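So the chains spell out like this:
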Amino acid sequence: MTSRSSYHHGDLRQAVLAAALDVIAAEGPGALSLRDLARRAGVSHAAPAHHFKDRTGLLTAIATQGYGLLAETLAGAPGLDERGVRYVRFAAAHPAHFQVMFQPELLRADDPDLLAAKERAAAELRAGVAGLQDVPDARTAGIAAWSLAHGFATLLLTHNVDAALGDRNPEEYFRALAGLLFEGATPRLPTADGA
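The structure presented is a predicted model; accordingly, all values stated were derived computationally and were not measured.

Caption draft 1: Quick peek at the pattern of salt bridges. The full count for this structure, using the stated rule, is ten salt bridges. Of the charged contacts, one joins D54 and R108 as a salt bridge, the two residues approaching to 2.7 Å between their closest N and O atoms. Of the two residues, D54 is situated in the loop between helix 3 (47-52) and helix 4 (55-74) and R108 in the loop between helix 6 (95-101) and helix 7 (112-130); the sequence distance between them amounts to 54 residues. Of the residues examined, R108 reaches a relative accessible area of 29% and is grouped as partly exposed. With a shortest N-O distance of 3.8 Å, E82 and R86 are connected by a salt bridge. Here E82 pairs with R86, and both are found in helix 5 (residues 80-93), just four residues apart, close to one helical turn. Members of the salt-bridge network, linked through shared partners, are E82, R86, R89, E171, E172 and R175.

Caption draft 2: Highlighting the environment of T56. With respect to the element layout, T56 can be found in helix 4. Taking the relative accessible area as the measure of exposure, T56 reaches 28% and is therefore partly exposed. Distance in space between the C-alpha atoms of T56 and R108 is 6.7 Å, their sequence separation being 52 residues. The contacts of T56, once residues within four sequence positions are left out, are L106, L107 and R108.

Cut-offs used in this document
Residues numbered from 1 in each chain as written. Predicted model: local features only at pLDDT ≥ 70, side-chain atom pairs only at ≥ 80, totals over all residues. Heavy atoms only, no water. Salt bridge = Lys/Arg side-chain N within 4 Å of Asp/Glu carboxyl O. Helix = DSSP H or I, 4+ residues; strand = E, 2+ residues; numbered from the N terminus. Buried < 20%, exposed > 50% of the residue type's maximum accessible area, 1.4 Å probe, protein only. Contact = heavy atoms within 4.5 Å.

Structural data, given as structure tokens:
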């Protein structure tokens with residue numbers, strides 16, 4: 001957690017964002033309070049409002065940051081299946097961002113920075129579909145791929161696939177699932193020992 005000892009003049013915005021991500025990862029976005037975050041950062045209760053105005057502004061900043069990180073994670077992936085793997089990897093590495101990004105009721109939907117970051121991430125997702133051959137409806141294929149990656153990432157983060165995964169690598173497991181959907185082949189799901 002961010003504390004009085006780690007905050008110093010000039011990085012209040014980042015200190016509040018870091019503390020907010022800690023709270024969201026541990027307790028969910030509903031537990032977020034600017035007053036509590038100010039306490040964690042060791043500043044006056046009004047200081048976070050200077051950067052974010054209110055809780056919605058803070059959550060919008062988190063979602064904006066998350067979409068930017070997602071776009072960076074997806075950039076340069078060699079195909080749709082690898083973009084799906086990277087999507088799952090992003091969710092596992094940034095669970096607090098992931099929780100906030102897809103809850104539009106928590107965000108300022110018209111925020112220009114948020115809209116730009118969302119478009120960058122969407123463009124990276126669409127780029128994966130562009131490489132598909134013999135796909136009659138690329139938009140539908142893209143939604144199917146996104147649904148698979150997002151659904152698997154959500155199930156992974158909420159521990160609903162722990163029993164199925166066992167000790168298997170989630171990324172390899174996802175690759176096998178994607179192969180089933182997009183290649184029509186019966187996947188060879190990785191075993192618990194990785195073989």
